[in-house]
Amino acid sequence: MADNEKNFKIDVRITQDEMSAYIIIISKEEEIALNVEDVLNALKEKGVIYGIDISAVERAVKERIFNTEVQVAKGKEPVPGKNGDVKFYFDLKREFKPKISEDGRVDFHDLGYITNVLKGQLLAEKIPPTRGIPGYTVKGRIIPAKDGKEPKLFPGKNVIFSEDRNKLFSLIDGSPVFHDGKLSVNPVFEIKGDIGPKTGNIDFLGSLKIYGNVLTGYRVKAQGDIEIEGYV
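Everything quoted here is computed from the prediction, not taken from an experiment. (Residues numbered from 1 in each chain as written. Predicted model: local features only at pLDDT ≥ 70, side-chain atom pairs only at ≥ 80, totals over all residues. Heavy atoms only, no water.)

Caption draft 1: Region of the structure containing helix 2 (residues 54–62). Those residues of helix 2 lying buried are Ala-56, Val-57, Ala-60 and Val-61. The arc enclosing the buried residues of helix 2, seen along the axis, measures out at 130°, which places them on a common side. The elements touched by buried residues of helix 2 are strand 3 (20–26), helix 1 (36–45) and strand 4 (70–74). Where helix 2 ends, the next residue or the one after it, Arg-64, has phi of about 50°, a positive value. (Buried < 20%, exposed > 50% of the residue type's maximum accessible area, 1.4 Å probe, protein only. Helix = DSSP H or I, 4+ residues; strand = E, 2+ residues; numbered from the N terminus. Arc of directions from axis to C-beta. Contact = heavy atoms within 4.5 Å.)

Below, the structure written as structure tokens:
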């Protein structure tokens, strides 16, 4: 309790987590010499220095809100940082859809089955995480905030980091593969089945190994070697 005058008292209650502070003006009389400064001094005596709502204090004093709790201070919750991300400069999730030309014609033989990348091509870039914003209790105690986590991005085979280790570039022509945070480029692309309606035509910058057949009406093209287990 803080004695301000003999005919009233100001009780300050702080929640256990120190995120809120309340006052109760205790008095049996209507006419008392109470002002805003009295309340602020009572809060200060209890260590309340952050998040004070002056308008709530003024209202409690002006309207003579007696024997009722009034919230007059509120802490600030910490804001966690956002996790980092990876921006890819190729189609990571391929959708095998027919290619539509500018005149609206649909080519069901061109499904984009293989993603080609060139030597020296930018493949991916780290988007850095953000730092967390700390919070404060009504007593001014700092509440630490968690920073965002670094994204997983590591060079695998035939891939190299930039000098700042934020970008990945391809060292060869080939097809990119991303797994468990590691990005690689393969010079040989393997196709387990047939070249047909499920794959469309194949055009690859590296070498091809096809374990099935090349069905009638479909084309296979590669800059490197082409090995076909089945028939053409």
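Caption draft 2: A look at helix 1. Burial in helix 1 covers these residues: Asp-38, Val-39, Ala-42 and Leu-43. For helix 1, the angular spread of buried residues about the axis comes to 135°, placing them on one side. The exposed residues of helix 1 that point more than 90 degrees off its buried face are Lys-44 and Glu-45. The N-capping residue of helix 1, defined by a side-chain oxygen 3.1 Å from the backbone nitrogen of Glu-37, is Asn-35. (Polar contact = N/O pair within 3.5 Å; in protein donor to acceptor, adjacent residues only side chain to side chain.)

Caption draft 3: Representation of the sheet that holds strand 8 (residues 122–127) in the model. Here we have four strands laid out as an open sheet, ordered 5-8-13-12, and antiparallel in their pairing. Because the sheet does not close on itself, it has two edges, and the strands there are strand 5 (85–88) and strand 12 (159–161). Strand-to-strand twist across the sheet, computed as the mean angle between neighbouring axes with direction ignored, equals 20°. Here strand 8 runs beside strand 13 (residues 167–170); their pairing, made up of three bridges, is antiparallel. Bridge pairing in strand 13 links Leu-122 to Phe-169. (Pairing = 2+ DSSP bridges. Axes fitted to C-alpha atoms, helices over the stretch in contact; angles between N-to-C directions.)

Caption draft 4: Looking closely at the packing of aromatic side chains. Enumeration according to the criterion identifies five aromatic pairs in this entry. In this structure an aromatic cluster arises from ring pairing among Phe-88, Phe-90 and Phe-178. (Phe/Tyr/Trp six-rings, centres within 6.5 Å; stacked < 30°, edge-to-face > 60°.)

Caption draft 5: Structural view of the side chain of Ser-175. With respect to the helices and strands, the residue Ser-175 is situated in strand 14 (residues 175–179). At a separation of 3.3 Å, a polar atom in the side chain of Ser-175 contacts the main-chain carbonyl oxygen of Thr-115. Beyond its immediate stretch of four places on either side in the chain, Ser-175 contacts Ile-114, Thr-115, Ser-184, Val-185, Asn-186, Phe-189 and Phe-204.

Caption draft 6: Local environment of unusual backbone geometry. Here the phi dihedral of Glu-18 falls at roughly 60°; this positive angle occurs in a residue that is not glycine. Tracing the chain through its elements places Glu-18 in the loop between strand 2 (8–14) and strand 3. With relative accessibility at 19%, the residue Glu-18 sits in the buried group. In this model, Arg-64 sits at a positive phi of 50°, which is unusual for a non-glycine residue. The topology assignment puts Arg-64 in the loop between helix 2 and strand 4.

Any functional reading would require information beyond the geometric quantities listed.
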